[in-house]
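Now for the letters of each chain:
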Amino acid sequence: MQRIRCWNRTVYVFDLLGFGRSSRPHFSSDSEEAENQFVESVEEWRAMVGVETMILLGHNLGGYLAAAYTLRYPSRVKHLILVEPWGFPERPNNPDQEQPIPVWIKAVGAMLSPFNPLAGLRIAGPLGPSLVQRLRPDFKRKYSTLFEDNTVTEYIYHCNVQTPSGETAFKNMTIPYGWAKRPMLHRVGLIQEDIPITVIYGARSCIDGNSGNAIKQLRPNSHVETVAIRGAGHYVYADQPEDFNQKVIEICNSVE
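Residues numbered from 1 in each chain as written. Predicted model: local features only at pLDDT ≥ 70, side-chain atom pairs only at ≥ 80, totals over all residues. Heavy atoms only, no water.

Trainee: Hey, could you run me through helix H11 (residues 241–254) in this one?
Mentor: Every α-helix winds through 3.6 residues per turn, so residues three or four apart in the chain are directed the same way. For H11, with 14 residues, the first-to-last C-alpha span of 20 Å sits near the 20 Å given by 1.5 Å per residue. Among all positions of H11, only Phe244, Lys247, Val248, Ile251 and Cys252 are buried. In a view along the axis of H11, the buried residues occupy a sector of 140 degrees, so they form one face of it. Turned more than 90 degrees from where H11 packs its buried face, Glu242, Asn253 and Ser254 sit exposed. For H11, the elements touching its buried residues are strand S2 (9–13), strand S3 (54–59), strand S4 (77–83), strand S7 (197–202), strand S8 (224–229) and helix H10 (236–239). (Helix = DSSP H or I, 4+ residues; strand = E, 2+ residues; numbered from the N terminus. Expected span 1.5 Å × (residues − 1). Buried < 20%, exposed > 50% of the residue type's maximum accessible area, 1.4 Å probe, protein only. Arc of directions from axis to C-beta. Contact = heavy atoms within 4.5 Å.)

Structure, rendered in structure tokens:
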């Protein structure tokens, strides 16, 4: 967890349990219970640092869990910011609603389904850092203004080569091809009406940005804003940091 002074606010940046530099606890294999464990860990963190209310921002799985936290602890959230959130839409039942999946991809997916997503990285052993650099050279480019060496790729490798605690929990929360077992769109309408929600997407991202519009329809009496950051992909904050930071600062300035 990192604490940063930003203008007239304190910004807390923390890794979810099971990820990054956080500890690797055991998570339930039940998707609902695993979600509850994540949510309660965030509440325990909040109570420990003494934050009464907050603007809560989550990216990808963090966005899903930020919404789940807001559902359970609405009095603690002044504004919910969802950045490229995972797990909101339901997997379409109608094949016409999604692109057909080639048979070979289905076969590979079936063979790999017993394994965690990053198992190959751990199997690679000492070749792991080179594998990260080869498969994701964009990570180094995204942070080139901060690091000229391989700090970023080495950090990603060493974080993900540890015990796959959060990774296993995430796998247990999904169904084939990355859809959520418990889609958040089924519940986001239950979030307290007076809590504003901002959904931020990268205009070049492969993540479906329609969830923002769906949230707005489910919350007709609430403030819901969808923002597309031009030139950004899934890692919005790294692809277009100035535009992303400016939008977050605008939100912060709107909250007392």
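Past the structure itself, the notes keep going.
Trainee: Is there a simple way to think about the environment of Arg21 in this case?
Mentor: Tracing the backbone shows Arg21 in the loop between S2 and helix H1 (31–49). Distance from Arg21 to Tyr155, taken between C-alpha atoms, is 9.6 Å for residues 134 residues apart in sequence. Apart from the residues within four sequence positions on either side, Arg21 is in contact with Asp15, Tyr155 and Cys159.

Trainee: Would you take a moment to explain the sheet that holds S3 for this structure?
Mentor: Backbone-to-backbone hydrogen bonds pair the strands of a sheet. The strands run either parallel or antiparallel. What the four strands build is an open sheet, ordered S3-S4-S7-S8; its pairing is parallel. Each of the sheet's edge strands pairs with one partner strand only, and the pair in question is S3 and S8. Across this sheet, the average inter-strand angle for adjacent strands is 15 degrees, counted without regard to direction. Taken together, the six bridges between S3 and S4 define a ladder with parallel strand orientation. (Pairing = 2+ DSSP bridges. Axes fitted to C-alpha atoms, helices over the stretch in contact; angles between N-to-C directions.)

Trainee: Can you help me understand the pairing of S7 in this one?
Mentor: Along any regular strand the residues' side chains alternate between the sheet's two faces. Along S7, six of the six residues are buried, which leaves the element largely enclosed by surrounding structure. Neither face of S7 is exposed, since Ile197, Val199 and Tyr201 on one face and Thr198, Ile200 and Gly202 on the opposite face are all buried. Direction of pairing for S4 relative to S7: parallel, over a ladder of four bridges. For Leu80, the partnering residue across the bridge sits in S7 and is Ile197. Two strands pair when backbone bridges link them, and S7 and S8 are joined in this way by six bridges, in the parallel orientation. Bridging from a neighbouring strand, Val199 pairs with Thr226 of S8. At this point the chain moves from S7, through helix H9 (residues 210–218), to the parallel S8, and the crossover so formed is right-handed. (Right-handed = clockwise from strand over helix to strand, strands pointing away.)

Function cannot be read off these values alone, since they describe shape.
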